[in-house]
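Descriptive analysis of the structure
As a plain string of letters, each chain reads:
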Amino acid sequence: MTFLVTGATGSVGKHVVSQLRDAGVKVRVLTRNPGAAVFPPDVEVIGGDLGLPETLEPALAGVERAYLFPHDGAAAFAEFAKKAGVSRIVALSSASAGDEYKFDFNHESHLKHLGVELAVEESGIDCTAIRPGAFASNSLLWANTIRSGAVVRAPFAAAAQALIHEADIAAVAAAALLEDGHVGAKYTLSGPATITIADQVRTIGAALGREIPFEELSPEQARSELGQHVPEDVLQLLLGYWAEAVDNPDPVLPTVEQVTGRPPRTFAQWVADHASDFR
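Read on for a plain summary of the structure. All values reported here derive from a predicted model rather than from experimental measurement. (Residues numbered from 1 in each chain as written. Predicted model: local features only at pLDDT ≥ 70, side-chain atom pairs only at ≥ 80, totals over all residues. Heavy atoms only, no water.)

**Some details on the overall build of the chain**
When helices and strands are tallied, the chain shows twelve helices and eleven strands. Here the C-alpha atoms of the chain give a radius of gyration of 19 Å, agreeing with the 19 Å that 2.2 N^0.38 yields for 279 residues. Each of the three principal axes of the chain carries a C-alpha extent, and together these read 55 × 35 × 35 Å. Of all 279 residues assigned to the chain, the portion counted as buried reaches 51%. Within the chain, counting contacts between residues at least 6 apart in sequence, those at least 24 apart form 72% of the total. Of the roughly 12,500 Å² that the chain leaves accessible, carbon and sulfur atoms contribute 51%. Positive and negative charge centroids in the chain, built from 21 and 35 side chains respectively, lie 5 Å apart. (Helix = DSSP H or I, 4+ residues; strand = E, 2+ residues; numbered from the N terminus. Rg over C-alpha atoms; globule rule 2.2 N^0.38 Å. Buried < 20%, exposed > 50% of the residue type's maximum accessible area, 1.4 Å probe, protein only. Contact = heavy atoms within 4.5 Å. Areas by Shrake-Rupley, 256 points an atom, 1.4 Å probe, with all protein chains shown as cover. Lys, Arg positive; Asp, Glu negative; His and termini not counted. Charge placed at Lys NZ, Arg CZ, Asp CG, Glu CD.)

**Some thoughts on the side chain of E117**
Within the fold, E117 resides in helix α4 (residues 107–123). Setting aside residues up to four positions removed in sequence, E117 forms contacts with S93, A97, A129, R131 and K186.

**A word on helix α1 (residues 13–22)**
For α1, the full list of buried residues reads G13, V16, V17 and L20. For α1, the buried positions fall inside an angular range of 100° around the axis, keeping them on one side. At its buried positions, α1 is contacted by β1 (2–6), β2 (26–31), β4 (63–68) and α6 (166–178). Following α1 by one or two positions, G24 has its phi on the positive side, about 85°. (Arc of directions from axis to C-beta.)

**Details of the pairing of β4**
Across the six residues of β4, five count as buried, placing the element largely inside the fold. The pairing of β1 with β4 spans four bridges and is parallel. The partner of F3 across the bridge, within β4, is R65. Judged from the four bridges that link them, β4 and strand β5 (residues 88–92) form a sheet pairing that is parallel. Looking at the pairing, Y67 lines up with V90 of β5. As for the winding sense of the linkage, the β-α-β connection from β4 through helix α3 (residues 74–84) to β5 is right-handed. (Pairing = 2+ DSSP bridges. Right-handed = clockwise from strand over helix to strand, strands pointing away.)

**As for the layout of surface pockets**
Computed from the structure, the second largest pocket encloses a volume of approximately 330 Å³. Along the wall of the second largest pocket there are 16 residues; nearest its centre are G7, T9, L30, T31 and R32. By residue class, the composition of the lining of the second largest pocket is six nonpolar, eight polar and two charged. (1 Å grid on protein atoms, 1.4 Å probe; cavity = no way out; pocket = protein on both sides within 12 Å on 5 of 7 lines; lining within 4 Å. Points joined across faces, edges and corners; volume = space filled by probe spheres on them. Nonpolar A, V, L, I, M, F, W, Y, C, P; charged D, E, K, R; others polar.)

**Things to note about the sheet that holds β2**
In space, the seven strands of this open sheet follow the order β3-β2-β1-β4-β5-β6-β9, with parallel pairing throughout. For this open sheet the edge positions go to β3 (44–47) and β9 (186–189), each flanked by a neighbour on one side alone. Sheet twist, expressed as the average angle between the axes of neighbouring strands with direction ignored, equals 20°. Here α3 sits on the sheet and contacts β1, β4 and β5; the angle it forms with β4, its principal contact strand, is near 165°. α6 rests against β1, β4, β5, β6 (126–132) and β9 of the sheet, and its axis sits at about 165° to β5. (Axes fitted to C-alpha atoms, helices over the stretch in contact; angles between N-to-C directions.)

**Some points on the packing of aromatic side chains**
Considering all chains together, one arrives at two aromatic pairs under this definition. Pairing F267 with W270 gives two aromatic rings, centres 5.8 Å apart and planes at 15°, and the pair type is stacked. Here the residue F267 and the residue W270 both occupy positions in helix α11 (residues 267–273), the gap between them amounting to three residues, near one helical turn. In this structure W270 comes out as buried when scored by relative accessible area, which is 0%. Ring-pair connections join several aromatic residues into one group, and the members of that group are F267, W270 and F278. Just above the ring of F80 sits the side chain of K83; from NZ or CZ to the centre is 5.5 Å. (Phe/Tyr/Trp six-rings, centres within 6.5 Å; stacked < 30°, edge-to-face > 60°. Lys NZ or Arg CZ within 6 Å of the ring centre and 35° of its normal.)

**What about the packing of α1 against α6?**
One way to put it is that α1 packs onto α6 with a least axis distance of 8 Å and a crossing angle of 50°. By the angle between their axes, α1 is oblique relative to α6. Viewed along their axes, α1 and α6 form a crossing whose handedness is right-handed. Across the interface between the two elements, H15, V16, Q19 and L20 from α1 touch E166, A167, A170, A171, A173, A174, L177 and L178 from α6. (Parallel < 35°, antiparallel > 145°, perpendicular 65-115°, else oblique. Left-handed = near helix turned anticlockwise from the far one by under 90°.)

By themselves, these figures tell us nothing about what the structure is for.
Right, here's the structure in full:
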């Protein structure tokens, strides 16, 4: 049985590859730049692009199950997957596609991720949707500042987020690919607890063995500073989300443990795994 992983060089996809390999199955990855992709020798690497439908047919030949990175080409992928005889697709989506988060400041993101889910469902292929909330890796926004020893400046210091480790997202995806009983599920995921933005900075400092100076910005200051290197649509999403999370923290959900049998990793564990990014 061959498993295809798209988005395999991404933060979640690389963990999906690793966990499928650990399970002993044959893994093929689709990448736009196979010459630059670094995978173990038992992983089959094939060139292709979700945005170029003509490259999908050879990538899907002989594949029984697939992990789909969210992309505008999801409908074409599902069409080719059905022709190739793929029996199951696990689609990475986002919490914005579901009801657990009562606010949605990025309607475009909501439509994109929901569209990916619907494209697979409408193909008739068995599907599971993986809907993570805020990624712990969002804190890499501060990596350059922390490495330089400068002050971390951010708005809404009390915003409480249930940040999730990308390896936990991959673990749920791998379980849905490998095990029966997940078809039709829409799994919304979170980390094990909420942590404020200020405490995220403190946690990174503890892992590095030094105090990281932190300064809270007003929303107007944040818009001015972040707007220099963050796209306007992303900035709108972030500011709205952080503002809401001050009085309405992210929901903490049991899904990761229910699916994988173990609790999700804490933010401190994520920082330990990524400490080199901040040094």
